[in-house]
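# Structural overview
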Amino acid sequence: MNAHVAALPAASFEAGPAVVVSNLLRSYGSRVVIEKLNLRIERGEFVALLGESGCGKTTLLRALASLDAIQGGRIVAPRRPAVVFQEHRLLPWDNLWRNVSLGLQVPDARERAAEALTEVGLGDRLDDWPRNLSGGQSQRVALARALVQQPELLLLDEPFAALDALTRIRMHELVRELVANHQPGVLLVTHDVDEAIALADRILVMRNGAIAFEHRAVRGGSATISRADLLRELGVVSHSPTS
Ligand SMILES: Nc1ncnc2c1ncn2[C@@H]1O[C@H](COP(=O)(O)OP(=O)(O)OP(=O)(O)O)[C@@H](O)[C@H]1O
């Protein structure tokens, strides 16, 4: 990895990798978007991915989710990752528990959906409909739908970007709790440096098709990089005395 690595001790994750990406190549026709990208995310590790608009963050996430083919390299994940997108993508004609259990081929699907919905604070809305939910509640259901699959890798593509500030903070608390309980590896694509600093064990910045910067925080604590330093990595010079 051509990364600039902060001189902090690496967090220790003992459960093994949630995904290992080697030498990834992803192009659209002749246009190369990702080249020679290497990445390993451990189970229980929370990784935030930042980078300028158009640098390839969603392209990487879609490749990890096997939503798109890759043109070179390898992606090795023990199980199929679960994905939460910016928009909830709930099916309007199915009630909440059916949305959450979609694709679960088990006899106790309703019970499992109920458990997941309870975890996200919606255990009393099993038979309700997506149209009756607020934006934040819809994203809670999307999280429940991801968790019910018991993923080892959870891919989050700007899942809180469309929420108001207060709801976003509540969602941060919820996600932190869910990740602590279930221990998936997480890759969070975000434009929000504060969100990355608040949530991630490791912050990556993508540039020129690969990971160009890496910062490791002490596990369980907040990242020790300043907002201004991170913004600088993103090519933004901040003049605010508080940042
Ligand atoms: N289906 C596609 N066909 C052709 N080019 C594409 C396609 N999807 C994405 N691209 C191009 O690939 C590049 C990376 O796009 P991507 O959506 O991954 O960026 P991003 O970092 O997620 O951007 P943003 O932060 O704005 O969401 C962009 O130049 C985009 O135009």
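In case you missed it, the structure is sitting above this.
In this report, we go over the structure that sits alongside the text. (Residues numbered from 1 in each chain as written. Predicted model: local features only at pLDDT ≥ 70, side-chain atom pairs only at ≥ 80, totals over all residues.)

## Observations concerning the packing of helix α4 (residues 135-147) against helix α5 (residues 165-182)
The condition is simple: Throughout, an axis means a line fitted to C-alpha atoms (over the contacting stretch in the case of helices), and angles, computed between N-to-C directions, take values from 0 to 180 degrees. Where helices and strands are cited, they refer to DSSP runs of H or I of at least four residues and of E of at least two residues respectively, numbered from the N terminus. Reported orientations rely on four angle classes, namely roughly parallel under 35 degrees, roughly antiparallel over 145, roughly perpendicular from 65 to 115, and oblique for the rest. Throughout, a crossing is termed right-handed when the near helix is turned clockwise from the far one, and left-handed when it is turned anticlockwise from it by less than a right angle. Contacts here follow a simple rule: the backbone-placed C-beta atoms of the two residues must lie within 7 Å. Each residue gets one of three labels, nonpolar for Ala, Val, Leu, Ile, Met, Phe, Trp, Tyr, Cys and Pro, charged for Asp, Glu, Lys and Arg, and polar for the others, Gly among them.
For the pair α4 and α5, the least separation of the axes is 11 Å and the interaxial angle reads 15 degrees. The orientation of α4 with respect to α5, classified from their angle, is roughly parallel. Crossing hand, α4 versus α5: right-handed. Contact residues: G136, Q139, L143 and L147 in α4; T167, R170, M171, L178 and H182 in α5. Residues belonging to the contact of α4 with α5 are distributed by class as follows: 4 nonpolar, 4 polar and 1 charged.

## Quick look at the nonpolar core
Filter applied, for reference: For this analysis, nonpolar core means a set of buried Ala, Val, Leu, Ile, Met, Phe, Trp, Tyr and Cys residues linked through C-beta atoms within 7 Å. Exposure classification rests on a simple neighbour count of other C-beta atoms within 10 Å of a residue's own: a residue reaching 20 or more is buried, one at 12 or fewer is exposed, and one in between is partly exposed. C-beta atoms are placed from the backbone. What counts as a domain boundary in this text is fixed by an automatic or database domain assignment.
V47, L117, L187 and L188 are the most contacted members of the largest nonpolar core, which has 62 residues in total. Here this core takes 6 residues from α4, the largest share from any one element. For this core, the domains that each give at least three residues are domain 1 (1-81 + 151-234) and domain 2 (92-149). Look past the residues within four positions of L117 in its chain and what remains in contact with it is L96, W97, V100, L122, G123, R125, L126 and A144.

## Let's talk about α5
Since one α-helical turn is 3.6 residues long, residues separated by three or four positions face the same way. For the record, the criterion: Under the convention used throughout, the expected extent of a helix is 1.5 Å for every residue step, that is, one less than its residue count. This arc corresponds to the set of directions leading from the helix axis out to the C-beta atoms.
Over its 18 residues, α5 extends 26 Å from the first C-alpha to the last, a length consistent with the 26 Å expected when each residue adds 1.5 Å. V175, L178 and V179 are the residues of α5 that are buried. Down the axis of α5, the buried set is contained in an arc of 95 degrees. They therefore lie on one face. Turned more than 90 degrees away from the buried face of α5, the exposed residues are L166, E173, E177, A180 and N181. Next to the buried residues of α5 lie β3 (46-50), α3 (109-119), α4, β7 (185-189) and α6 (193-199). One or two residues past the end of α5 sits Q183, with phi positive at roughly 60 degrees.

## So, α4
An ideal rise of 1.5 Å per residue puts 18 Å on 13 residues; α4 measures up with 18 Å between its terminal C-alpha atoms. Among the 13 residues that make up α4, 10 are buried, leaving the element largely enclosed by the rest of the structure. Of the residues making up α4, those classed as buried are S138, Q139, R140, V141, A142, L143, A144, R145, A146 and L147. Residues of α4 that are buried sit in contact with β5 (82-84), α2 (96-101), α3, β6 (153-157) and α5.

## A word on unusual backbone geometry
One non-glycine residue, S66, lies in the positive phi region at around 60 degrees. When you line up the elements, S66 lands in the loop between α1 (57-64) and β4 (72-76). Its 13 C-beta neighbours within 10 Å are what place S66 among the partly exposed residues. Non-glycine residue Q150 carries a positive phi angle of around 50 degrees. Here Q150 lies in the loop between α4 and β6.

## With respect to the sheet that holds β6
The following threshold applies: DSSP-based pairing: two strands are paired if at least 2 bridges between them are found.
Taken together, the 6 strands give an open sheet; going across it, the order is β5-β6-β7-β3-β8-β9, and neighbouring strands pair in mixed fashion. Both edges of this open sheet fall to β5 and β9 (210-216), since each of them pairs with a single strand only. Averaged over all pairs of adjacent strands, the angle between their axes in this sheet comes to 20 degrees, without regard to strand direction. Pairing of β3 with β7 involves 4 bridges; the strand directions are parallel. Each residue of the ladder has a partner; that of A48, found in β7, is L188.

## So, the site of the ligand
In plain terms, the rule: Each residue receives a C-beta atom placed from its backbone. It is near a molecule or strand if this atom lies within 6 Å of it.
Near the ligand, the surroundings consist of Y28, V33, G51, S53, G54, C55, G56, K57, T58 and T59. With 3 residues, the single largest contributor to the shell around the ligand is α1. Residue composition of the shell around the ligand, by class: 3 nonpolar, 6 polar and 1 charged.

## Quick word on the sheet that holds strand β1 (residues 17-28)
Here 3 strands make up an open sheet; going across it, the order is β2-β1-β4 and the pairing antiparallel. Both edges of this open sheet fall to β2 (31-42) and β4, since each of them pairs with a single strand only. In this sheet, neighbouring strand axes are inclined to one another by 15 degrees on average, regardless of whether the strands run parallel or antiparallel. As judged from the 4 bridges shared by β1 and β4, these two strands associate in the antiparallel manner. Within β4, the residue paired with V21 across the bridge is I75.

Any functional reading would require information that these geometric values do not contain.
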